[in-house]
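Structural features, examined
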Amino acid sequence: MKLTQTKEELRKALGELEGSVALVMTMGALHEGHLSLVRAARASAQNVVVSIFVNPLQFGPGEDYEAYPRDLEADMALLGTVGVEVVFAPAAEELYPREPLVRINPGPVAALYEGKTRPTHFAGVLQVVNKVLNLVHPDVAFFGQKDAQQLALIRTLVADLDIPVEIRSVPIKREESGLALSSRNAYLNDEERIEALAISQALIVGRDAAARGGAPDSVRALVQRHLEQAPGVTLDYLSLVDPETFGEIESGTAATRGLLVTAAWVGSTRLIDNMEVLFHE
Ligand code: AMP
């Protein structure tokens, strides 16, 4: 496993690889969710490249860019358990020697849901995803369903700019309790960890209600009620969207598949989660 921290070191390390390359992009503070992406990558290509980069461009003012957990040594140890050829962990100045002038405009979906609370977030995400894809030029890149809106926007980026890479998604990895694994779970104290369970539980209530024949409107309302009533949880948004287009499933419309997407504050920690629901015809 080679650790590279500059573009030049990365270029050299990539030059020594033979065969197909799978990429997993992360912000570090790695957990089993990230490792499930790395394992999927491992199974799909001869070489796995993992990037670790806390991307300043995707954090808004007052967000947790400075506080975001960073522990390269622990990350390297975890990656060593799966087997990775190259780790790319550049400093911010390496990727952004100056403010980039040419910017990705992520389009209208980036203004919805996550983008309502975090208006510059997806422009920053797509900027760095585009850069790292250009630096690594992998055959395939893996992203988590945990960040479902991000995944949809990355698919759009790749399609609209004809980036020669295959994008694959990996299901959300959860604790046995249902809590979706996230680097930000490290911010939660014991009480908040329990309060946070209400998020996945509310989504499960919605999924089950749909399975029993509930219509989209009533399922969304039910989940919303659960989240609003959950102690210690402050709902940011809950939406029911088309899993492919991320367009909102509007009131009164019939749908066969939907994605419940939500963000909520537990104490001062903002958590996101989502779940696919299947409606009866
Ligand atoms: P992050 O380090 O938060 O930027 O995440 C890096 C990648 O790991 C993204 O593609 C995430 O969607 C994915 N990821 C994070 N948490 C999970 C999880 N619990 N299950 C599956 N994928 C995840």
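Everything numeric in this text was worked out from a predicted model, so none of it was measured.

Calculation notes
- Residues numbered from 1 in each chain as written.
- Predicted model: local features only at pLDDT ≥ 70, side-chain atom pairs only at ≥ 80, totals over all residues.
- Heavy atoms only, no water.
- Near = heavy atom within 4 Å.
- Polar contact = N/O pair within 3.5 Å; in protein donor to acceptor, adjacent residues only side chain to side chain.
- Areas by Shrake-Rupley, 256 points an atom, 1.4 Å probe, with all protein chains shown as cover.
- Helix = DSSP H or I, 4+ residues; strand = E, 2+ residues; numbered from the N terminus.
- Nonpolar A, V, L, I, M, F, W, Y, C, P; charged D, E, K, R; others polar.
- Pairing = 2+ DSSP bridges.
- Axes fitted to C-alpha atoms, helices over the stretch in contact; angles between N-to-C directions.
- Contact = heavy atoms within 4.5 Å.
- Domains from an automatic or database assignment.
- Buried area = accessible area lost by both parts, 1.4 Å probe.
- Parallel < 35°, antiparallel > 145°, perpendicular 65-115°, else oblique.
- Left-handed = near helix turned anticlockwise from the far one by under 90°.
- Salt bridge = Lys/Arg side-chain N within 4 Å of Asp/Glu carboxyl O.
- Buried < 20%, exposed > 50% of the residue type's maximum accessible area, 1.4 Å probe, protein only.

1. Focus: the site of the ligand
Taken together, the neighbourhood of the ligand is formed by 15 residues, with His34, Gly144, Asp147, Lys173 and Leu181 sitting nearest. At 2.9 Å from an oxygen atom of the ligand is found a side-chain nitrogen or oxygen belonging to His34. For the ligand, the protein covers 93% of the area, taking 480 Å² as the surface of the free molecule. Elements with a contribution of two residues or more to the shell around the ligand: strand S2 (21-26), helix H2 (32-44) and strand S5 (140-144). Here the shell around the ligand takes three residues from H2, the largest share from any one element. Looking at the shell around the ligand residue by residue, the class counts come to seven nonpolar, five polar and three charged.

2. A closer look at the sheet that holds strand S8 (residues 257-266)
Where strands meet in a sheet, backbone hydrogen bonds hold them as pairs that are either parallel or antiparallel. In space, the three strands of this open sheet follow the order S7-S8-S9, with antiparallel pairing throughout. Looking at strand neighbours, the two that pair on one side only are strand S7 (233-241) and strand S9 (269-278), the edges of this open sheet. With direction set aside, neighbouring strand axes in the sheet form an average angle of 15°. Examined bridge by bridge, S7 and S8 share eight bridges and lie antiparallel to one another. By the bridge assignment for S8, Val241 is matched with Leu259. Sitting on the sheet, helix H9 (residues 197-211) touches S7, S8 and S9, and the angle it makes with S9 is about 15°.

3. Side note on the environment of Ile167
Here Ile167 is to be found in strand S6 (residues 166-170). It is 6.1 Å that separates the C-alpha atoms of Ile167 and Phe142, two residues lying 25 residues apart in sequence. The contacts of Ile167, once residues within four sequence positions are left out, are Ala141, Phe143, Leu151, Ile154, Arg155 and Val158.

4. Structural notes on the domain arrangement of the protein chain
Each assigned domain of the protein chain is listed with its residue range as follows: domain 1 (2-170) and domain 2 (183-278). Taking the mean C-alpha position of each, domain 1 and domain 2 sit 26 Å from one another. At the junction of the two partners, domain 1 supplies 21 residues and domain 2 supplies 17 residues. With both sides pooled, the region where domain 1 packs onto domain 2 buries about 1500 Å², and carbon together with sulfur makes up 49% of that total.

5. Observations concerning the sheet that holds S6
Read across the sheet, six strands follow the order S1-S4-S3-S2-S5-S6 without closing on themselves; strand pairing throughout is parallel. Looking at which strands have only one partner, the edges of the open sheet turn out to be strand S1 (2-4) and S6. Between one strand axis and the next, the sheet turns by 25° as a mean value, whatever way the strands run. Pairing analysis gives six bridges linking S2 to strand S3 (residues 47-52), with the strands arranged parallel.

6. Thoughts on the packing of H9 against helix H10 (residues 216-229)
It is at 9 Å that the axes of H9 and H10 come closest, and there the two elements cross at 155°. With respect to H10, the element H9 is oriented roughly antiparallel. In the packing of H9 onto H10, the handedness of the crossing is right-handed. Facing H9, whose interface residues are Ala198, Ile199, Ala202, Leu203, Val205, Gly206, Ala209 and Ala210, H10 presents Val219, Leu222, Val223, His226 and Leu227. Classifying every residue of the contact of H9 with H10 by side-chain character gives 11 nonpolar, two polar and no charged.

7. Re the pattern of salt bridges
Summed over the entire model, instances satisfying the criterion amount to 17 salt bridges. For Asp273, the salt bridge identified is with Arg174, shortest N-O distance 2.9 Å. Linking Asp273 in strand S9 with Arg174 in the loop between S6 and helix H8 (190-195), this pair joins segments that are 99 residues apart in sequence. By relative accessible area, which is 5% here, Asp273 ends up buried. Under the relative-accessibility criterion, Arg174 is labelled partly exposed at 26%. Put simply, Glu114, Asp236 and Arg270 are held in one network by salt bridges that share partners.

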